[in-house]
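Take a look at the letters that make up each chain.
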Amino acid sequence: MNSIIESVASSMDCDNVELVEYLPYILQDFTEIGACPEVITDLVKRNTHNYPSLKILDLGCGKGSVSIELARALNCFCHGIDAVEGFIKEAKLFASEKGVGDQCIFETADIRERTKELKDYNVIVLAATGPLFGDYESTLKGVLPCLANDGIVIMDDWYKIKNDNFTHVRLFEKQEILRQAEAAGMLLSDEHIHEKTTELGNSYSEEYENLKKRCHELTQMHPQKAEMFKNYVNKQSEEYQILQNNVICSALVFRKK
Ligand SMILES: C[S@@+](CC[C@H](N)C(=O)[O-])C[C@H]1O[C@@H](n2cnc3c(N)ncnc32)[C@H](O)[C@@H]1O
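This structure is a prediction, so every number in the text was calculated from the model and none was measured.

Thresholds, definitions, all that
- Residues numbered from 1 in each chain as written.
- Predicted model: local features only at pLDDT ≥ 70, side-chain atom pairs only at ≥ 80, totals over all residues.
- Heavy atoms only, no water.
- Helix = DSSP H or I, 4+ residues; strand = E, 2+ residues; numbered from the N terminus.
- Buried < 20%, exposed > 50% of the residue type's maximum accessible area, 1.4 Å probe, protein only.
- Polar contact = N/O pair within 3.5 Å; in protein donor to acceptor, adjacent residues only side chain to side chain.
- Contact = heavy atoms within 4.5 Å.
- Phe/Tyr/Trp six-rings, centres within 6.5 Å; stacked < 30°, edge-to-face > 60°.
- Lys NZ or Arg CZ within 6 Å of the ring centre and 35° of its normal.
- Salt bridge = Lys/Arg side-chain N within 4 Å of Asp/Glu carboxyl O.
- Disulfide = S-S within 2.5 Å.

Asker: Please explain the side chain of Asn47 as it appears in this structure.
Answerer: The topology assignment puts Asn47 in helix 3 (residues 37–47). Assessed through its relative accessible area of 13%, Asn47 is described here as buried. A distance of 2.8 Å separates the side chain of Asn47 from the backbone oxygen of Leu43, its partner in a polar contact. When sequence neighbours within four positions are dropped, the list of residues in contact with Asn47 reads Ile152, Ser189, Asp190, Val253 and Arg255.

Asker: Even after reading the chapter, I still don't get the packing of aromatic side chains, so can you show me in this structure?
Answerer: Two measures describe an aromatic ring pair: the distance that separates the ring centres and the angle between the ring planes. Evaluated as defined, the whole model comprises two aromatic pairs. Seen in terms of ring centroids, Tyr22 and Phe229 are 5.3 Å apart; in terms of plane orientation they differ by 85°. Their pairing is edge-to-face. Taken together, the positions of Tyr22 in the loop between helix 1 (4–11) and helix 2 (23–26) and Phe229 in helix 11 (residues 226–245) put the pair 207 residues apart, joining distant regions of the chain. A relative accessible area of 8% means that Tyr22 is categorised as buried. Classification of Phe229 as buried rests on a relative accessible area of 1%. Ring plane angle 90° and centroid distance 6.0 Å describe the contact between Tyr136 and Phe172, whose orientation is recorded as edge-to-face. Here the residue Tyr136 occupies a position in helix 7 (residues 136–143), and Phe172 occupies one in the loop between strand 5 (147–160) and helix 8 (174–183), the gap between them amounting to 36 residues. Tyr136 gets classed as buried once you look at its relative accessible area, which sits at 2%. The ring of Tyr121 carries the charged tip of Lys55 above its face, separated from the ring centre by 4.5 Å.

Asker: Any chance you could explain the pattern of salt bridges here in plain terms?
Answerer: When their charged atoms lie close together, side chains carrying opposite charge are able to pair. Counting across every chain of the model gives 18 salt bridges. For Asp110, the salt bridge goes to Arg112, with nearest N and O atoms at 2.9 Å. With a relative accessible area of 19%, Asp110 lands in the buried category. Given the relative accessible area of 3%, Arg112 is considered buried. Glu191 is paired through a salt bridge with Lys174; the nearest N and O atoms lie 2.7 Å apart. Remark: Lys174 occurs in helix 8 and Glu191 occurs in strand 6 (residues 186–193); sequence separation between them is 17 residues. The class for Glu191 is buried, based on a relative accessible area of 19%. Through salt bridges with shared partners, one network takes in Asp29, Arg214 and Glu217.

Asker: What am I meant to see in the state of the cysteines here?
Answerer: A covalent bond bridging the sulfur atoms of two cysteines is what the word disulfide describes. Scanning the entire structure with this criterion turns up zero disulfides. Cysteine Cys76 remains unbridged, with the sulfur of Cys78 as its closest cysteine sulfur at 4.0 Å. Not engaged in a disulfide, the cysteine Cys146 finds its nearest cysteine sulfur in Cys61; these two sulfurs lie 14 Å apart. Judged by relative accessible area, Cys146 falls into the buried class, the value being 0%.

This is the structure:
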């Protein structure tokens, strides 16, 4: 298993683990840093019932945007966990601002350790985290003990476009993801394929400009790390092109077999 800082770096597409401590500064203008909260909320709505009684576990919750929207829209309880303390601080603040502070708990922890102690959640969300335990099979096996018997796992991720030659270390065929899920004891029960022009593209240029501005400020504060900040900005631009052109972005819903 990689270290917690390597896990965060990999989920945030950072080549350099040294950049992780600067992420809260770089991403200070963003409230959403991954998945689209409304899409996850719709999937929870159509795959569960009795919403106010739901207990939701949001693993790698970032700044809590998914949990906060779920708590707001469904009046349910959400528990968000993330390794980055700066994100958790903001999540708590946003939850209070949105009036759902009492329905949400946010904590700083390594998911791979904390999931050993939690159970009985009706919904587990893995939104834009990638397979945190190494691969999809070990990730789903790792979170399964936290799931109630009739619960669902929502995994917002990407997979290969059929018959396309594009490759990336973290990119797999959908069939391979489903095979690993089945090996973990889970079956696909629903899916939402993201509409790229609306769900991914809307505010991209504004967000990219903010990110560039923050990296520029950091370069002035730490000139010896200029190369690292420049590489991060370039990587984010590449990543966006990949999301738009080379992969299928989708939220998969799994249930126990
Ligand atoms: C791309 S962000 C997605 C955030 C959030 N789920 C969303 O969609 O807005 C990935 C998150 O996973 C967190 N993460 C990665 N590895 C982790 C680990 N081992 N334990 C806890 N959090 C982790 C990162 O800190 C980061 O906030």
